[in-house]
Amino acid sequence: MTNNSILRLAIQRKGRLSEDSLSLIKESGIKFSSDTAKLKSKSRNFPIEFLFLRDDDIPDYVADGVADIGIVGENVALEKGKNIDNLRKLGFSKCRLSLAIPKEIEYQGLSYFQNSSIATSYPKILKGFLTKNNISADIHEISGSVEIAPSIGLASAVCDIVSSGSTLMSNGLKEVETILNSEAIIIGNQSLSDEKKSILDRLIFRIESVQKGKNNKYILLNAPNHKLEEIIKLLPGMRSPTIVPLADKNWSSVHSVINEDEFWEVIENLRGAGAEGILVVPIEKMIL
Ligand code: PRT
Ligand code: ZN
């Protein structure tokens, strides 16, 4: 039995998820020794304990309750198909699971895969996709270097993780269908005690504040008073912008928060409306 007053979080020990997972925890104000050479670490200022594991093992550990929650790619969580909760997207380690074929072949749609052989490390997700599209194909499960399968005659296509696409390209392959868009997520055991749930709520609240901070920028600008009304209309703000008078009575300073997604558009509109001296400042945490 694990201790009820401490939440156990499984993190990838070494790999593409590790660094961002650890930074997110640190930015949430949780202090601990991140020496991943060790298997376990306990926080000094929050009721949480870390297990450093291979990412493929994390869904099993969470399903079994050895860990309460974990950080993994959606691709791994889905492929394992365990009874676990998908608690939250984390916005890093973005990639996609795609079908790729030799680049010289002219692709004319999914029928290419009918009676083909496809090499993959994701047989379960691939099978689901093929079944949904009424395609029957041979699935060759291999654990690594999937992209070399066509060139050695093992398969006529691959289903693999792609991020920049350069691995496929350097192996003479081209991406033709995306099966899944993936990013790091927090997964959770489905029968957490109330005590653990309340620690989890506190953790998620902190993570959300860090994420919102990253997705938004604080902006300060000077505006001539006769343009103020027009400029305020362009600003979303948390409630409404802060307006501070300047020493020059005809001007004011306007402070507000802008979302990263609409950032450049808003800045261009503000300049067009007469804003000057625009400063953009990162936000560390944002609590609404
Ligand atoms: O040792 P352990 O089992 O813990 O780690 P691992 O080697 O199995 O996983 P790791 O660290 O490579 O990846 C962890 C997670 O990162 C994956 O499950 C994905 O959710 C995510 N991720 C993001 C990626 C990539 N980007 C990625 N590019 N996982 C793998 N790749 C590989 C891909 O398999 C292919 O070989 O990178 C190659 C393609 O990259 P591009 O940029 O050339 O397209
Ligand atoms: Zn792995």
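For the structure, check the block above.
Residues numbered from 1 in each chain as written. Chains lettered and ligands numbered in written order. Predicted model: local features only at pLDDT ≥ 70, side-chain atom pairs only at ≥ 80, totals over all residues. Heavy atoms only, no water.

Peer 1: Please set out the overall build of the protein residue by residue, giving values where relevant.
Peer 2: For the protein, the helix and strand inventory stands at eight helices and 15 strands. Computed over the C-alpha atoms, the radius of gyration of the protein is 25 Å, more than 25% above the 19 Å expected from 2.2 N^0.38 for a compact globule of 288 residues. In terms of overall dimensions, the protein has a C-alpha envelope of 75 × 55 × 30 Å along the principal axes. Counting the 288 residues in the protein, one finds 44% classified as buried. (Helix = DSSP H or I, 4+ residues; strand = E, 2+ residues; numbered from the N terminus. Rg over C-alpha atoms; globule rule 2.2 N^0.38 Å. Buried < 20%, exposed > 50% of the residue type's maximum accessible area, 1.4 Å probe, protein only.)

Peer 1: How would you explain the environment of Glu195 if you had to name every residue and give the values?
Peer 2: Mapped onto the fold, Glu195 is located in helix H6 (residues 194-215). Those residues within four positions of Glu195 in sequence are excluded, and the remaining contacts are Asn4 and Ser5. (Contact = heavy atoms within 4.5 Å.)

Peer 1: Summarise the environment of Glu268; cite the residues concerned and give the values.
Peer 2: Secondary-structure assignment places Glu268 in helix H8 (residues 263-272). Note: C-alpha distance between Glu268 and Ala10 (258 residues apart in sequence) is 44 Å.

Peer 1: So what's going on with the site of ligand 1? Residues and values would help.
Peer 2: Ligand 1 sits among 22 residues. The nearest are Asp56, Asn75, Ser164, Gly165 and Thr167. Within the side chain of Gln12, one N or O atom sits 2.9 Å away from an oxygen atom of ligand 1. A distance of 2.9 Å separates an oxygen atom of ligand 1 from a polar side-chain atom of Asp55. Here ligand 1, which alone exposes 840 Å², has 78% of that area covered by the protein. Within the residue set of the shell around ligand 1, elements represented by two or more residues are helix H3 (74-80), strand E9 (157-162) and helix H5 (166-170). (Near = heavy atom within 4 Å. Polar contact = N/O pair within 3.5 Å; in protein donor to acceptor, adjacent residues only side chain to side chain. Areas by Shrake-Rupley, 256 points an atom, 1.4 Å probe, with all protein chains shown as cover.)

Peer 1: How would you explain the coordination of the zinc ion (ligand 2) if you had to name every residue and give the values?
Peer 2: The protein atoms that coordinate the zinc ion (ligand 2) are Asp55 (OD) and Asp56 (OD), at distances of 1.9 to 2.1 Å. For the zinc ion (ligand 2), the four donor atoms are set out with angles of 76 to 169° between them, so the coordination reads as irregular. According to the relative accessible area criterion, Asp56 is partly exposed, its value standing at 26%. (Donors = N, O, S within 2.8 Å, 3.2 Å for Na, K, Ca; no water. Tetrahedral: all angles 85-135°; square planar, octahedral: opposite > 155°, others 65-115°.)

Peer 1: Which residues make up the sheet that holds strand E4 (residues 69-73), and what values go with them?
Peer 2: Spatial ordering of the open sheet is given by E2-E3-E1-E4-E11-E5, a layout of six strands whose pairing is mixed. What marks the edges here is a single partner per strand, and that holds for strand E2 (40-42) and strand E5 (85-89). Averaged over all pairs of adjacent strands, the angle between their axes in this sheet comes to 25°, without regard to strand direction. In this sheet, strand E11 (residues 184-188) lies alongside E4 in antiparallel orientation, the contact comprising five bridges. If you follow Ile71 over to E11, its bridge partner there is Ile186. Helix H1 (residues 18-27) rests against strand E1 (7-12), strand E3 (48-53) and E4 of the sheet, and its axis sits at about 145° to E1. Contacts from H6 reach E1, E3, E4, E5 and E11, with the element oriented near 25° to E5. (Pairing = 2+ DSSP bridges. Axes fitted to C-alpha atoms, helices over the stretch in contact; angles between N-to-C directions.)

Peer 1: Tell me about unusual backbone geometry, residues and numbers included.
Peer 2: One non-glycine residue, Asn134, lies in the positive phi region at around 55°. Counting through the fold element by element, Asn134 comes out in the loop between helix H4 (123-132) and strand E8 (138-141). The exposure class of Asn134 is exposed, given its relative accessible area of 66%. For Ser145, which is not a glycine, the phi torsion comes out positive at approximately 45°. Mapping Ser145 onto the fold places it in the loop between E8 and E9.

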